[in-house]
Amino acid sequence: MNTHEYLKYYRELNGFTQEEIADKLYVTRQAVSKWERGESYPELENIILLSDLYDISIDQLVRGAQYLKKPFKIGERNPKLFILGTLGIGILYAITFGRFIAPWYSIGVFIFMTLMLFSMGKQGGIVINKNNLTIIEYKSFLEKIKSTFNGSRYSQTYRYDDVIKVKIVYAAYHRISPMDLKPDLFQFQVFTSDGRVFKQDMDSYVTEHFPIICDFLVKKDIDVEDSNNIIQLIVLGENIYDAMHPESR
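Residues numbered from 1 in each chain as written. Predicted model: local features only at pLDDT ≥ 70, side-chain atom pairs only at ≥ 80, totals over all residues. Heavy atoms only, no water.

*Asks:* So, unusual backbone geometry: which residues are in play, and what are the values?
*Replies:* Glycine aside, residues mostly have negative phi angles, and peptide bonds mostly take the trans form. One non-glycine residue, Y26, adopts positive backbone phi at about 60°. Relative to the elements of secondary structure, Y26 occurs in the loop between helix 2 (18–25) and helix 3 (29–37). Look at Y26 and you get exposed, because its relative accessible area is 79%. Its identity is not glycine, yet N229 carries a phi of approximately 55°, on the positive side. By secondary structure assignment, the location of N229 is in the loop between strand 8 (223–225) and helix 10 (230–235). Exposure remark for N229: the relative accessible area of 46% places this residue in the partly exposed category. (Helix = DSSP H or I, 4+ residues; strand = E, 2+ residues; numbered from the N terminus. Buried < 20%, exposed > 50% of the residue type's maximum accessible area, 1.4 Å probe, protein only.)

Okay, here's the thing in structure tokens:
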């Protein structure tokens, strides 16, 4: 991202229109528009005012994030909602059918459903830290169960020197009927120097901070491959699914 893109990104991130910024800086809306198109640049006084308004440093405003104040997580869902849902379903099941079938069968079904929802709720993830990147993987159903009860994480940490590149992959799936619910392929992939490739599923409601995170990785000399311009779509505030499915508009 370039300086003019940061100016637009932080304005939209803070919920301001170009007219509102123009009023606060006592300039015209056309001037703000030119800044964000890269046709001109704000004076130093206005850059200082913008950094104060957005509560960020001048360096971050014009060059992006140089560091992370806290870890950024991609994936790693928490199973608590699934657990609560399982308990609710189990109680409803027991009340409704418990009197008609053997108790041991009800208990068996309840345990089976609980374990299945544990598996669905406990997913791996990628944690982007200030000095390294942590991959969280669960290679088996048993590891997910153990992690849920003892709080452990099956993870591996890589220094940024050991990360070759990251890749944002989006492959649109064209549905053949309204009943076809197969999702699009949307992944954040990490390629490491030991030849491994970690693939983390994402969804179309990516956090607005994702472009800054990718820019942070670039500043760590990591190549960010984005052939579908997903980062640009997020910066522009567009819906990723709609952009990748123009026929559905």
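Text resumes after the structure shown.
*Asks:* Please provide a residue-by-residue account of helix 9 (residues 210–219), values included.
*Replies:* In terms of burial, helix 9 is a largely internal element, eight of the ten residues being buried. With its phi angle positive at about 65°, D221 sits one or two positions after the end of helix 9.

*Asks:* Summarise empty space enclosed by the protein; cite the residues concerned and give the values.
*Replies:* Evaluated as defined, the whole model comprises one cavity of 30 Å³ or more. Space inside the largest cavity adds up to approximately 50 Å³. Contributing to the lining of the largest cavity are L7, R11, I21, V32, W35, E36, L50 and Y54. Secondary structure elements with two or more residues in the lining of the largest cavity: helix 1 (3–13), helix 3 and helix 4 (44–54). When residues of the lining of the largest cavity are assigned to their parent elements, the largest contribution, three residues, is made by helix 3. The class makeup of the residues in the lining of the largest cavity is six nonpolar, no polar and two charged. (1 Å grid on protein atoms, 1.4 Å probe; cavity = no way out; pocket = protein on both sides within 12 Å on 5 of 7 lines; lining within 4 Å. Points joined across faces, edges and corners; volume = space filled by probe spheres on them. Nonpolar A, V, L, I, M, F, W, Y, C, P; charged D, E, K, R; others polar.)

*Asks:* Please set out the side chain of Q18 residue by residue, giving values where relevant.
*Replies:* Within the secondary structure layout, Q18 lies in helix 2. We classify Q18 as buried; its relative accessible area is 16%. At 2.9 Å, the side chain of Q18 forms a polar contact with the side chain of E36. (Polar contact = N/O pair within 3.5 Å; in protein donor to acceptor, adjacent residues only side chain to side chain.)

*Asks:* Pulling in residues and values, what's your account of the pattern of salt bridges?
*Replies:* Between side chains of opposite charge, a pair can form when the charged atoms approach closely. As enumerated under the stated definition, the model contains eight salt bridges in all. A salt bridge links R11 to E36; its shortest N-O distance comes to 2.4 Å. One end of the pair, R11, is in helix 1; the other, E36, is in helix 3, and 25 residues separate them in sequence. On the accessibility criterion, E36 (10% relative accessible area) is buried. Between K165 and E225 there is a salt bridge, with the nearest N and O atoms lying 3.0 Å from each other. (Salt bridge = Lys/Arg side-chain N within 4 Å of Asp/Glu carboxyl O.)

*Asks:* Lay out the sheet that holds strand 4 (residues 155–159) with the relevant residues and their values.
*Replies:* Strand order in this open sheet of four strands is 1-2-3-4, and the pairing throughout is antiparallel. Lying at the two open borders of the sheet, with one neighbouring strand each, are strand 1 (72–75) and strand 4. The mean angle between the axes of side-by-side strands here comes to 15°, regardless of whether they run parallel or antiparallel. As judged from the four bridges shared by strand 1 and strand 2 (residues 125–128), these two strands associate in the antiparallel manner. Residue K73 lies in a different strand from strand 2, and its bridge partner there is V127. (Pairing = 2+ DSSP bridges. Axes fitted to C-alpha atoms, helices over the stretch in contact; angles between N-to-C directions.)

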